[in-house]
Amino acid sequence: MATFIVRRVLWLIVVLFAISVLVFLIFFAIPGVDPARQMAGRNPTAETIRNIKHEFGLDRPLPVRYGLMMKHIFISRDLISYGSHTKVIPEILSAAPVTLSLVFGAAVIWIVFSILTGLAAAVFRGTIIDPLLMILALIGISIPVFWLGEVVNLITQSRLHHFFLFSWVPPLGYTPLTQDPVMWFEQLLLPWLTLSVLYIGFYARVLRANLIETESEDYVRTARAKGLSERRVLLRHTLRTSLITFVSLFGLDFGVLVGGGALLTEVVFGLPGVGLLTYNSLTSLDLPVIMTTVIYGAFFITLASALVDLVYAWLDPRVRPA
Amino acid sequence: MAERLLAVRDLKVSFRTEDGIVRAVDGISFTVDEGEVVGIVGESGSGKSVTMMSVMRLITDPNVIYEGSIVYKGRDLMGVSRDAMREVRGEEIAMIFQDPMTSLNPVYTVGWQIEEQLNEHYDLKKGQARRRAIELLTQVGIPRPEQRIDDYPHQFSGGMRQRVMIALALSCNPDLLIADEPTTALDVTIQAQILELIKNLRREFGSAVVLITHDLGVVADIADRILVMYAGRIVEEGNKEQIFYDPQHPYTWGLLGSIARLDRPKARRLTAIAGQPPSLINRPQGCSFRPRCPQAFERCRAEDPQLTAKVGEGHLDACHLSVEDKRARRDATINPELAETA
């Protein structure tokens, strides 16, 4: 177990290093991209550009510039954004809780509802309920999140805001959990539901397929031959082994979303999260912010896949290291 | 005289499919007495497993159709409720399956799986189930059961896993143990060990055993009575001596002729039964075995032979040949070299 964790941490460092180098090279070594020019505004003089280059250390050799940037990110933590000239690290640190709140809440909702839907569809196979649920799931997968979000906003923020069902919905935005938990919850509830719709549909379909496949396994027949109740056979035997695929999907999706993949939801609901930050920095080629958000995202994705491996070992003894 | 434990009467099991109705089991009747060992022999698709799965009501296919009755201890299992059936499963009738590699749940320890069954059927205190599980593992010959109980199925070999399956099946002292090809997936030396184990445990636990196999050699040693099935029907039934020394049905001859035996004068090519089993959707007219039977004659095409006793008490067969004809012809199939020298 200890060696597993150590190996994973080392791996994490290697991945983060590789990604940071790659991103750095993409923005600095590729011709045509000149951050100094970006920062200098319209029609800059050669003098201004030179000054900016010197000020941001852009006239030094590539490895030095890479080293400097890493130092500013990890050691002195005072990396300055090219665009807004504010410190990047505090910006990310204030955006991260927004994204984490959004993704954690949505994840809870999508796990619960996709398991319920998948189970129901598998149990009621052969009746009208199964195809009905699967069509609903397909619709959920097919609805673009930005459209759904806008429709939700249209209904709850403007058209029907005064209808008693939606009058509780607060204005768009984010309130920290520590400041006002009720407001935090109310502002996030609709974004959670909106973000989770796609995943509920997708996961429910995957789980249903897995459940049906597992149902024909010999050990499920053994479980029935033991005289167990259908409920116990389903939950303790069929579902338990079907969750293995489910978990690996979840790890990847969760990592991607926390790492900034919930951009569309954040934009639609005006949540100042990491996705929004990344998006803004990309449009203005704000390299320090891009660099930091990419490393942040990569960190969560690698972390999530390490956690998936741990949960895997817990779920399936066959993959446990001897 | 032993009590009657199980009486299957005119059981028909069919499946609705797109191509038509598949009659997997087509009207079979047999009985199992307390403590008796019955072997059901036949090739793949002859309905052996479906018959016994029906007894446990383990067929989950929604397109299955049952007819007939399965009376266990005076109660028709076809009519009992789901909950009552659950009490029968595992506690009264237990089953061992063909492939020990896939019959145990890979994500739980073997101990957990045995304890689960014990807890389902008995009200046990904490620790009691575990002690009983260790005891069972000892009885089926698992070395160091105290440690192995916490191992997962993938940490056992095939033979050991089948022992675990047997421990699981015997955990509630069932009166009837159904073993569905318990040795097919194992290599020959392990096969012998597992059969020996079943034999010994039967004595110890007093359970009746129904042993399903495609290999007459497997039942030769252990079975009191043998049913030979072909295309969903019983074609011959009798005790061990009758089946091995006075086989009546040409299909049984074929099975006997296909066994490799050490007591033969010289090695020879084993005879195979030519052709394929018939479609269970469109059964051939007359005798189902006719298309593959070298002895077939006019009557076989016209008339479906019924299972009747012709040569002695309890020895039934479904063949139109006269007993004299059978006795004269069968050696050509079973012992060709003996027939040649004679």
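Criteria and cut-off values
Residues numbered from 1 in each chain as written. Chains lettered and ligands numbered in written order. Predicted model: local features only at pLDDT ≥ 70, side-chain atom pairs only at ≥ 80, totals over all residues. Heavy atoms only, no water. Helix = DSSP H or I, 4+ residues; strand = E, 2+ residues; numbered from the N terminus. Expected span 1.5 Å × (residues − 1). Buried < 20%, exposed > 50% of the residue type's maximum accessible area, 1.4 Å probe, protein only. Contact = heavy atoms within 4.5 Å. Buried area = accessible area lost by both parts, 1.4 Å probe. Salt bridge = Lys/Arg side-chain N within 4 Å of Asp/Glu carboxyl O. Core = buried A, V, L, I, M, F, W, Y, C linked by side-chain atoms within 4.5 Å. Phe/Tyr/Trp six-rings, centres within 6.5 Å; stacked < 30°, edge-to-face > 60°. Lys NZ or Arg CZ within 6 Å of the ring centre and 35° of its normal. Pairing = 2+ DSSP bridges. Axes fitted to C-alpha atoms, helices over the stretch in contact; angles between N-to-C directions. Patch = residues over 30% accessible without salt bridge, like charges linked within 9 Å, V, L, I, M, F, W, Y side chains within 5 Å. Areas by Shrake-Rupley, 256 points an atom, 1.4 Å probe, with all protein chains shown as cover.

It is worth spelling out helix 3 (residues 110-121) of chain B at this point. Residues and elements named next belong to chain B. Taking 1.5 Å of rise per residue, the twelve residues of helix 3 would be expected to cover 16 Å, and the 17 Å separating its terminal C-alpha atoms lies within 8% of that figure. Counting buried positions over the twelve residues of helix 3 gives nine, a clear majority of the element. Among all positions of helix 3, only Val110, Gly111, Gln113, Ile114, Glu115, Glu116, Gln117, Leu118 and His121 are buried.

Quite often, the size of an interface is put as the accessible area lost when its parts meet. Taken together, the contact between chain A and chain B spans 21 residues of the former and 27 residues of the latter. Contact between chain A and chain B buries roughly 2200 Å² in total, counting both sides, with carbon and sulfur atoms accounting for 57%. Three residues, Arg221, Ala225 and Lys226 of chain A, lead the burial of chain A against chain B; their summed loss comes to 27% of the area buried on that side. Put simply, chain A and chain B have two salt bridges between them.

With that settled, consider the nonpolar core. Counting residues in hydrophobic clusters, the biggest one holds 100 residues, and the most contacted among them are Leu6, Phe30, Met52 and Leu176 of chain B. Considering every element that reaches this core, the biggest residue donor is helix 6 (residues 158-170) of chain B, with seven residues. If sequence neighbours within four positions are ignored, Phe30 of chain B has contacts with Leu6, Ala7, Val8, Ile40, Thr51, Met52, Leu227 and Ile234 of chain B. Within the second largest apolar cluster, 68 residues are counted, among which are Trp184, Leu211, Leu243 and Ile295 of chain A.

Looking now at the packing of aromatic side chains. Counted according to the given criterion, the structure contains 18 aromatic pairs over all chains. Note on Phe104 of chain A and Phe254 of chain A: the rings are 5.2 Å apart at their centroids and 75 degrees apart in plane angle, and the pair reads as edge-to-face. Of this pair, Phe104 of chain A sits in helix 5 (residues 88-123) while Phe254 of chain A sits in helix 10 (residues 230-261), and the two are 150 residues apart along the sequence. Relative accessible area serves as the criterion here: at 15%, Phe254 of chain A is assigned to the buried category. When the centroid spacing of 5.5 Å and the interplanar angle of 70 degrees are considered together, the rings of Phe185 of chain A and Trp192 of chain A count as edge-to-face. Among the aromatic residues, ring-to-ring pairing joins Phe104, Trp110, Tyr199, Phe202, Tyr203, Phe246, Phe250 and Phe254 of chain A into one connected group. A cation over a ring is seen here: Arg240 of chain A above Trp314 of chain A, with NZ or CZ 5.8 Å from the ring centre. The ring centre of Phe156 of chain B lies 4.1 Å from the NZ or CZ of Arg148 of chain B, which sits over that ring.

Turning our attention to the sheet that holds strand 6 (residues 93-96) of chain B. Residue and element names in this part refer to chain B. In space, the eight strands of this open sheet follow the order 6-7-8-3-9-10-12-11, with mixed pairing throughout. The open sheet is flanked by strand 6 and strand 11 (308-309), the only strands paired with a single partner. Where helix 6 meets the sheet, its contacts fall on strand 6 and strand 7 (176-180), and the angle it forms with strand 6 comes to roughly 175 degrees.

Side chains of Met1, Ile5, Val6, Val9, Leu10 and Ile13 of chain A sit close together on the surface and give an oily, nonpolar patch of about 580 Å² of accessible area. Its place among the elements puts Val6 of chain A in helix 1 (residues 2-28).

Below, the discussion takes up unusual backbone geometry. Residue and element names in this part refer to chain B. Located in the positive-phi region is Arg57, a residue other than glycine, with phi close to 50 degrees. If you check the backbone angles, Lys73 has positive phi at about 50 degrees while not being a glycine. Within the fold, Lys73 resides in the loop between strand 4 (64-72) and strand 5 (75-76). Overall, the relative accessible area of 42% leaves Lys73 in the partly exposed class.

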